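Read off the chains here:
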Amino acid sequence: MIRLIREGSQKYPWILKFIVLGIAITFTIGMGWFGFDQAQQPNAVAIIGPYQVTLKEFRRTYNRTYQFYRNQLKQEEVDEQALKQLVLGGLIDAKAWALAADTFQLDIGEEELKRAIKNRKEFQKDGAFDAQLYHRLLAENKFSPQQYESQLITDLLSEKAQMIVQDATTLTPSEIKEVEALASRQSAGKEDEAEIAKIHERIRLQFLFQKKQRTLQAFQAAMRASTNVEIREEYL
């Protein structure tokens with residue numbers, strides 16, 4: 001398990017951080033439809049510009065991630081310090097993307113927020129949003145609607161910012177030549193034009209996906225490097 005976390009954070013940083021963010025998004029904290037409070041809290045684990053990772057948010061995400069490793073990956077030994085750093089890094093990255101959304105002047109409208117909540121499976125009963133179930137689940141997890149909706153706004157803004165960066169990523173002429181060369185080698189001897197076209201498109205999408213991931217990583221690293229990030233180790 002220790003090796004999985006350490007090697008995974010180096011070899012597959014996006015997979016692990018997406019796991020962390022996927023776990024975090026279900027029940028976290030912040031601003032709602034009825035107003036917000038961005039005041040810095042004394043128990044913030046990390047402060048990223050105007051955003052913060054609260055102790056409650058960090059602990060909840062850590063506990064859920066810990067259970068994911070134990071229950072889903074069936075690992076008995078967990079390097080808790082390595083896992084803490086992984087979780088904190090993922091949460092800080094999410095706030096950095098929220099900063100990017102601010103830079104892009106993005107926002108989330110009330111209807112967009114409501115739609116996102118209503119589309120979440122955990123708040124649905126018989127395929128439709130159930131308001132009572134929504135409030136009950138939040139209460140069971142010690143969240144008010146305002147708190148949950150705040151973090152959801154941040155998460156949606158982060159997703160929007162990432163989509164903008166990805167959509168702006170295209171293959172250069174030299175990369176297109178690489179795609180064509182590789183496709184030509186892999187389709188050598190084939191006569192079916194449809195099959196050849198599928199091979200070419202598959203390779204093109206692979207190249208583009210990999211470049212988008214590199215671009216996201218580079219942009220994210222630049223955002224963190226240009227932002228004042230304060231980490232309070234005493235809360236870890």
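Every chain is numbered independently, its residues counted from 1 as its sequence is written. Two thresholds apply to this predicted model, a pLDDT of at least 70 for residue-level local features and 80 or more for giving and counting side-chain atom pairs, whereas whole-chain, interface and lining totals are computed over all residues. Just so you know, side-chain values use all the structure's heavy atoms and leave hydrogens and water out.

(A) Looking closely at unusual backbone geometry. Positive phi outside glycine occurs at glutamine 105, with the angle close to 60 degrees. For glutamine 105, the location among the structural elements is in the loop between α4 (80-103) and α5 (110-118). Judged by relative accessible area, which is 73%, glutamine 105 ranks as exposed. The phi torsion at aspartate 126 lies on the positive side, around 55 degrees, for a residue other than glycine. Working definition: helices are DSSP H or I runs of at least four residues, strands are E runs of at least two. Numbering for both runs from the N terminus. Along the polypeptide, aspartate 126 turns up in the loop between β3 (124-125) and β4 (128-129). To sort residues, take the accessible area from a 1.4 Å probe on protein chains only and compare it with the maximum for the residue type: under 20% means buried, over 50% means exposed, and anything in between is partly exposed.

(B) Layout of the packing of aromatic side chains. Stacked, edge-to-face and tilted labels apply to pairs of Phe, Tyr and Trp rings (six-membered ring for Trp) whose centres lie within 6.5 Å, assigned for plane angles under 30 degrees, over 60, and everything in between, in that order. Following the criterion strictly, the structure yields nine aromatic pairs and no others. With 6.0 Å between their ring centres and 35 degrees between their planes, phenylalanine 104 and phenylalanine 219 make a pair best called tilted. Highlighted residues: phenylalanine 104 in the loop between α4 and α5 and phenylalanine 219 in helix α9 (residues 193-225), separated in sequence by 115 residues. According to the relative accessible area criterion, phenylalanine 219 is partly exposed, its value standing at 26%. Each ring, one from phenylalanine 129 and one from tyrosine 134, has its centre 5.7 Å from the other, and the planes form 55 degrees; the classification is tilted. Judged by relative accessible area, which is 30%, phenylalanine 129 ranks as partly exposed. When its relative accessible area of 3% is taken as the criterion, tyrosine 134 is described as buried. Within the aromatic cluster, the residues linked to one another by ring pairs are Phe123, Phe129, Tyr134 and Tyr148. Whether a charge lies above a ring is judged from NZ of Lys or CZ of Arg, which has to be within 6 Å of the ring centre and within 35 degrees of the ring normal. For lysine 56, the ring lying beneath its charged end belongs to phenylalanine 143, and the centroid distance is 4.7 Å.

(C) Fine view of helix α3 (residues 55-72). Every helix has an expected span of 1.5 Å times one less than the residues it contains. Taking 1.5 Å of rise per residue, 18 residues should cover 26 Å, and α3 covers 25 Å from first to last C-alpha, within 8% of that figure. Within α3, burial applies to Leu55, Glu57, Phe58, Arg60, Thr61, Tyr62, Thr65, Tyr66 and Tyr69.

(D) Summary view of the pattern of salt bridges. The salt bridge definition used is simple: a Lys or Arg side-chain nitrogen within 4 Å of an Asp or Glu carboxyl oxygen. Tallied over the full model, the rule gives 10 salt bridges. Residue lysine 160 is joined to glutamate 112 by a salt bridge in which the shortest nitrogen-to-oxygen separation is 3.2 Å. You can see lysine 160 sitting in helix α7 (residues 145-167) and its partner glutamate 112 sitting in helix α5, a full 48 residues away along the chain. A salt bridge links glutamate 201 to arginine 204; the nearest nitrogen and oxygen atoms lie 2.8 Å apart. Residue glutamate 201 and its partner arginine 204 are both found in helix α9; the two are separated by three residues, about one turn of the helix. On the basis of relative accessibility, which here comes to 29%, the residue arginine 204 falls in the partly exposed class.

(E) How the structure looks around the packing of helix α8 (residues 173-186) against α9. Where α8 contacts α9, the two axes come as close as 9 Å, and the packing angle between them is 140 degrees. In this view, α8 runs oblique relative to α9, as classed from their interaxial angle. Judged by the sense of rotation from one axis to the other, the crossing of α8 with α9 is right-handed. For the pair α8 and α9, contact is made by Glu175, Glu178, Val179, Glu180, Leu182, Ala183 and Gln186 and by Ile199, His200, Arg202, Ile203, Arg204, Phe207, Lys211 and Arg214, respectively. Residues of the contact of α8 with α9, tallied by class, amount to six nonpolar, two polar and seven charged. Lines fitted to C-alpha atoms define the axes here, with helix axes fitted over just the stretch in contact, and angles between the N-to-C directions of these axes take values from 0 to 180 degrees. For classification, angles of less than 35 degrees are called roughly parallel, those exceeding 145 degrees roughly antiparallel, those between 65 and 115 degrees roughly perpendicular, and all remaining angles oblique. By definition, any crossing whose near helix is turned counterclockwise from its far helix by less than a right angle is left-handed, and any crossing with a clockwise turn is right-handed. Here, residues are in contact when the closest pair of their heavy atoms is within 4.5 Å. The classification used treats Ala, Val, Leu, Ile, Met, Phe, Trp, Tyr, Cys and Pro as nonpolar, Asp, Glu, Lys and Arg as charged, and all other residues, Gly among them, as polar.

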